[in-house]
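# Observations on the three-dimensional arrangement
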Amino acid sequence: MRGAHGSPAKPEGVVIVGGGAAGLSLAHWLTKTGRTPVTVVEPPDGPLRPAERTWCYWDEGPGAFEEAVLASWPLLRIHGRDGGALTADPAPLRYRMVRSTAFETLVHARLAHHPGARVVRATAHTVRDVPGGAEVRCTAPDGRELTLRGRYAFDSRPPRRLPPARTTLLQHFRGWFVRTAAPRFDPDVADLMDFRVPQPRHGLAFGYVLPLAPDRALVEYTEFSRAPLGTAAYEAALGHYTREVLGLGALRVETAEQGVIPMTDGHFPRRAGASVFRIGTAGGATRPATGYTFATVQRQSRAVARALAEGRDPVPRPHGRRALAMDAVLLRALDAGRVDGPDFFTGLFRGVPAERLLRFLDGATSPREEFGIGLRTPIGPMLRTAAELPFLPRRAAPDVPFPPRRTAVRPPSGEKPL
Ligand SMILES: Cc1cc2nc3c(=O)[nH]c(=O)nc-3n(C[C@H](O)[C@H](O)[C@H](O)COP(=O)(O)OP(=O)(O)OC[C@H]3O[C@@H](n4cnc5c(N)ncnc54)[C@H](O)[C@@H]3O)c2cc1C
């Protein structure tokens, strides 16, 4: 298309590469709040598309994606290594779980009703600046080459490598969706961290239980450490946790999910060109100390939509500098074994009101509140770590292929049938 004087017309609208959590959230907020044409590029079914997964977050709700919320919990619980449990009420916040397929179906349906939105099935291979905007080159399932142009491109393709960092840990886990023979779960309570599992030599491990009904739950085994386990090791850990710690008795594993989330103080540049931005995990939206990403993606997507509507530079940083600095200290202290992970997290939940702690994890606390939270941590080791950090080099991340290959999520064979 050419402009009035024969020059190429300026690209318009927005191209979003990747229709996962960040891409579809951004498409939703852009189409809800503005008139910008939006194209989402998402590969056809195959190795690039992630397996179904669940995303949990807290908010006051009901939010924009309530129809995709599978379950929510008013109460949160932590189990210390000593077996002591603490149940906290983070009101007005509530913990919510969205299943990725329900989220995709919901957002795709909304986009289908929006005159300026479309989802293109194709695999992007080049995302770059062109005069006046950005260009995305991709290959359609029938092998045709497509070129899409927009005023901006937002790229959420997962990073191939993690950035150089002072500390690189991984949050890696496997979960079973279980059905038990007898009612075993309290549907009002989500067990966020259960440290009654055996601890690894390096890092930390915990169980995570999200009840869906009195006899159904997602039960996960998670580690924060340097390398993922093989499936057999997760299965063994889950078998031990469900039998010996939770005492669930006879159960059926209906399906499983497995994943790896980066926990790094490496820098994910969010700008890849004058008109090209990275979003989602690729753009640094994953909170280093917790792995939570979904809520940040919503905040950032709303901000991008507002900025575009007001003609401002569109992508604010996903996390504040203070939050990243504090996370860098914690990651380092955990990695160096200077703080005991289970005691650290249990102490925080015991010492800080749950609502304030969750706001802290959202980067929404004041410096004064953060000082108070800092007092609930092992002060000496944390200060020593903070003092050493500026002198540590950022080294190339260990050779962990990221994202990891898709893993089989078939149920294990060893569990007792109902
Ligand atoms: C199993 C699992 C559970 C998680 N649970 C939580 C949770 O409970 N709470 C939370 O806050 N965070 C959670 N996370 C972390 C984070 O929220 C997710 O990883 C989230 O999916 C990140 O969103 P994203 O858009 O950056 O990446 P993705 O959702 O992975 O989206 C990337 C998209 O890019 C597409 N793509 C890849 N290559 C191409 C290409 N060449 N061209 C076009 N498109 C391409 C993919 O198909 C995919 O749809 C979890 C992560 C995993 C793996």
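Keep in mind the model is a prediction, meaning the values are calculated, not measured.

## Some details on the pairing of strand β13 (residues 168-180)
Regular strands have side chains that alternate between both faces of the sheet. Burial analysis of β13 places 12 of its 13 residues in the buried class, which makes it a mostly covered element. Two elements, β13 and strand β17 (residues 251-264), share 13 bridges in a ladder whose sense is antiparallel. Residue pairing across strands places glutamine 171 opposite isoleucine 261, the latter belonging to β17. Pairing of β13 with strand β16 (residues 216-225) involves 10 bridges; the strand directions are antiparallel. Within the sheet, the bridge partner assigned to arginine 174 lies in β16 and is tyrosine 221.

## A few points about the side chain of threonine 242
Along the chain, threonine 242 falls in helix α3 (residues 231-245). A polar side-chain atom of threonine 242 sits 3.2 Å from the main-chain carbonyl oxygen of glycine 239.

## Description of the packing of helix α5 (residues 321-335) against helix α9 (residues 379-388)
When two helices pack together, their arrangement is given by the angle between the helix axes and by the axis-to-axis distance. In contact at an axis separation of 9 Å, α5 and α9 are set at 110 degrees when each is read in the N-to-C sense. It follows that α5 is roughly perpendicular to α9 by the angle criterion. Across from Val329, Leu330, Arg332 and Ala333 in α5, the residues of α9 making contact are Met382, Thr385, Ala386 and Glu388.

## A few points about the environment of glutamate 42
On the secondary structure map, glutamate 42 appears in strand β2 (residues 38-42). Each C-alpha atom of the pair glutamate 42 and glycine 23 lies 9.1 Å from the other, and the pair is 19 residues apart in sequence. Look past the residues within four positions of glutamate 42 in its chain and what remains in contact with it is Gly18, Gly19, Gly20, Arg49, Val120, Arg121 and Ala122. Within the structure, the side chain of glutamate 42 is placed 2.4 Å from the side chain of arginine 49, a separation counted as a polar contact.

What counts, and where the lines are drawn
Residues numbered from 1 in each chain as written. Predicted model: local features only at pLDDT ≥ 70, side-chain atom pairs only at ≥ 80, totals over all residues. Heavy atoms only, no water. Buried < 20%, exposed > 50% of the residue type's maximum accessible area, 1.4 Å probe, protein only. Helix = DSSP H or I, 4+ residues; strand = E, 2+ residues; numbered from the N terminus. Pairing = 2+ DSSP bridges. Polar contact = N/O pair within 3.5 Å; in protein donor to acceptor, adjacent residues only side chain to side chain. Axes fitted to C-alpha atoms, helices over the stretch in contact; angles between N-to-C directions. Parallel < 35°, antiparallel > 145°, perpendicular 65-115°, else oblique. Contact = heavy atoms within 4.5 Å.

Distances and angles like these do not, on their own, reveal function.
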